[in-house]
Amino acid sequence: MKRRTLIKAIGLGSLGFGFRSSYGLQLNNIKFSARMSGVDLSSTPIPFNNFPRVINIFLYGGPSELAGNLSNIVDINGSSLNKYDAPLLQSTAQGGQITPNGFWKNAGGDAMETMLQSGVMTVYRTMSRTRSHDLKAHRESVLQNQLGSFDMDRSGIGTTLSELILAHSENTTFGKPISNLLFPFVSFDSQAQWFNPGDVQIDSALRPTALGRDLGANNPYTRNGIAPTTAIDGALENLAKTINVSSGGPASPIRNAFAARENIATSLRRFSTQGITTHITDLNAGAALTYPADGFGPVLKSAVSLMLMNPDTLYAAVGGGAMGGWDDHNGALANGRTDYILRTKNLMDAIMAAMVHMRAAKSTGNSSYLHADSIIINVYGDFGRNVDLNNSGGWDHGNNQNLYTFGGRDFRASALGKIVGRTDLLFTDMGKRIFTKPMADSYQFEPFSLASTLYKYYGVANPGALNGGVPAIDETQSSVAQQSWTPTSGSIYETVSNYLTT
């Protein structure tokens, strides 16, 4: 995506966004929204290395839950308008596609089993809007999920976290002024509403920085094809320095913008060189650390590298069309690069590499990476889909979906390594459409509970005060009964499993 398009799409303004107090920012002018007055912030200081760092991956279009939940597939097939192929109805022990814990083998199931049994992943199978708010429209669902609230006038989750960090800064040990944090909030997602301002006027010190899919040349701040030392680049910089500068007066916005751009570009070039080449090579994780070359691979490698090398980065939004849409009304099971099976496998393989990356960084013993186990990755989308295979080989809009969570062992170890929630079938439209629904005795929660959970991580004792009373996810919930799983001998999954569990 071109730089101008990226910045315009995300609504973040001019080149000056994302920069700090060295450009004259004043944190005492922040306007907090009225709702902050009812928020109960913890008075216990949060050590910076353990401060949560969150990567939210949003699957636009609404992903089917089937990759992570085939527990009802035989019953689904019995009533489906079109039948599923036989392998999807059989266990892997029978030569089919259902892994021991109900994942879809070819759609990332091997990676999910590896991460589940290595204790770095949890799948919640009952993220479901209540029946009174069962909405299956893209625009509203995307907006509400990224705002973390039914109220579409609210600020986005990222903006709210910015507000919380500022309000909570006196009880948090950053080791530097908040205004000097580098890239605390970033977006690899040109469509994101995570940073919608709503009723919050956040100072520039914590405004997000929009990045491209890699940290090197392909980011909005590097002048592609123009080396920093060329005559034309130097001429542009010198011209900017001479514009509207009065004797003893402040530098012009244009001059500051040029300086900000170069500072960002220089930092990103440094992170790219250290993190995506030598950094990963030096981790000694061998073949286990292999990000996919396309799809989610490059962008997740960038997000994780940035968080590992730059402890200041606290929140990253990932998504957008470059990683494929998930509105699988047709051709979902087609044999092609864009089909649901390969798309989901790409995603899960990328996350598995990220888990190895974090573990490898922590294992180096380098004190710079002590925060590796504070990084959490969350994956979800607009909504789920129905499970009746339609005449076009796809699924129409539904409600129930999976929430996948990974990492964050430093402060949520008890939440990992679990499958939470059990589903049953729901028939509508005179029995012609089939959905899954949480079983009556199963734990379930609204998509907005994820926002409350993030606010809880950031020291809020009553997170529902920020989104209309929606509670945080209960991470103490017990796992459903799990079955043992053994990766194929000699496979990358065996390598990763051995690496993550030793």
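None of the values given here were measured: they were computed from a predicted structure.

The strands that make up a sheet are held in pairs by hydrogen bonds between backbone atoms, and each pair lies either parallel or antiparallel. The strand order across the open sheet built from 8 strands is E6-E5-E7-E2-E8-E9-E3-E10, with neighbouring strands paired in mixed fashion. Either end of the sheet is taken by a strand with one partner, and the two such strands are strand E6 (209–210) and strand E10 (418–420). Examined bridge by bridge, strand E2 (residues 53–59) and strand E8 (residues 375–381) share 7 bridges and lie parallel to one another. Paired with isoleucine 57 across the two strands is valine 379, which belongs to E8. Packed onto the sheet, helix H3 (residues 109–117) meets strand E3 (121–127), strand E9 (401–407) and E10 and runs at close to 110° relative to E3.

Our next topic: the packing of aromatic side chains. Going through the model one piece at a time under the given rule, you end up with 13 aromatic pairs. Here the aromatic rings of tryptophan 104 and tyrosine 340 are separated by 5.9 Å at their centres, their planes lie at 50°, and the arrangement is tilted. Placement of the pair is tryptophan 104 in the loop between helix H2 (73–79) and H3 and tyrosine 340 in helix H9 (residues 340–363), with a sequence separation of 236 residues. For the pair shown, tryptophan 104 and tyrosine 340 are each scored as buried.

Attention shifts here to the pattern of salt bridges. On inspection of all chains with the given rule, the structure shows 10 salt bridges. Between lysine 136 and aspartate 134 there is a salt bridge; the shortest N-O distance is 3.0 Å. The shortest N-O distance in the salt bridge between lysine 362 and aspartate 410 comes to 3.9 Å. With a gap of 48 residues between them, lysine 362 in helix H9 and aspartate 410 in helix H10 (residues 409–412) connect regions that are remote in the sequence. The class of lysine 362 is partly exposed, set by a relative accessible area of 29%. Relative accessible area serves as the criterion here: at 33%, aspartate 410 is assigned to the partly exposed category. In the salt-bridge network here, residues are joined through shared partners; they are Lys362, Asp373 and Asp410.

Right, let's talk about the packing of helix H8 (residues 296–309) against H9 for a bit. Between H8 and H9, whose axes approach to 9 Å, the crossing angle comes to 25°. By the angle class used here, H8 and H9 are roughly parallel. Pair H8 / H9 crosses with right-handed handedness. Contact residues: Phe296, Gly297, Leu300, Val304, Ser305 and Leu308 in H8; Asn346, Leu347, Ala350, Ile351, Ala354, His357, Met358 and Ala361 in H9.

You can see arginine 53 is positioned in strand E2. Buried within the structure, arginine 53 lacks any salt-bridge partner; aspartate 312 is the closest side chain of opposite charge, at an N-O distance of 6.5 Å. Only 3.1 Å separates the side chain of arginine 53 from the backbone oxygen of proline 311, close enough to count as a polar contact.

Attention shifts here to the confidence of the model for the chain. Taken as a whole, the chain shows an average pLDDT of 81; of its residues, 75% reach a score of 70 or greater. In the predicted structure, residues 1–30 sits below a pLDDT of 50 and forms 69 contacts with residues beyond four places in sequence or in another chain.

Take the nonpolar core next. A general tendency of soluble globular proteins is for nonpolar side chains to be buried together. Counting residues in hydrophobic clusters, the biggest one holds 76 residues, and the most contacted among them are Ile55, Ile57, Met115, Leu300, Ile377 and Phe406. With 14 residues, H9 is the single largest residue contributor to this core. In contact with methionine 115, not counting residues within four places along its chain, are Val120, Met121, Met348, Ile351, Met352, Met355 and Phe406. Formed by 42 residues, the second largest nonpolar core is a distinct cluster that contains Ile165, Val200, Phe445 and Val460.

The next point concerns H8. Helix length check: H8 (14 residues) gives 20 Å between terminal C-alpha atoms against 20 Å at 1.5 Å per residue, within 8%. The element H8 is extensively covered by neighbouring structure, given that 12 of its 14 residues are classed as buried. Buried within H8 we find Phe296, Gly297, Val299, Leu300, Ser302, Ala303, Val304, Ser305, Leu306, Met307, Leu308 and Met309.

Now for the packing of H3 against H9. Running from N to C, H3 and H9 cross one another at 30°; their axes reach a closest spacing of 8 Å. Comparing the axis directions of H3 and H9 gives the class roughly parallel. Between H3 and H9 the crossing geometry is left-handed. Between H3, through Ala111, Met112, Thr114 and Met115, and H9, the contact on the second element is made entirely by Met348, Asp349, Ile351, Met352 and Met355. Tallied by class, residues from the contact of H3 with H9 come to 7 nonpolar, 1 polar and 1 charged.

Calculation notes
Residues numbered from 1 in each chain as written. Predicted model: local features only at pLDDT ≥ 70, side-chain atom pairs only at ≥ 80, totals over all residues. Heavy atoms only, no water. Pairing = 2+ DSSP bridges. Helix = DSSP H or I, 4+ residues; strand = E, 2+ residues; numbered from the N terminus. Contact = heavy atoms within 4.5 Å. Axes fitted to C-alpha atoms, helices over the stretch in contact; angles between N-to-C directions. Phe/Tyr/Trp six-rings, centres within 6.5 Å; stacked < 30°, edge-to-face > 60°. Buried < 20%, exposed > 50% of the residue type's maximum accessible area, 1.4 Å probe, protein only. Salt bridge = Lys/Arg side-chain N within 4 Å of Asp/Glu carboxyl O. Parallel < 35°, antiparallel > 145°, perpendicular 65-115°, else oblique. Left-handed = near helix turned anticlockwise from the far one by under 90°. Lys, Arg positive; Asp, Glu negative; His and termini not counted. Polar contact = N/O pair within 3.5 Å; in protein donor to acceptor, adjacent residues only side chain to side chain. pLDDT = per-residue confidence, 0-100. Core = buried A, V, L, I, M, F, W, Y, C linked by side-chain atoms within 4.5 Å. Expected span 1.5 Å × (residues − 1). Nonpolar A, V, L, I, M, F, W, Y, C, P; charged D, E, K, R; others polar.

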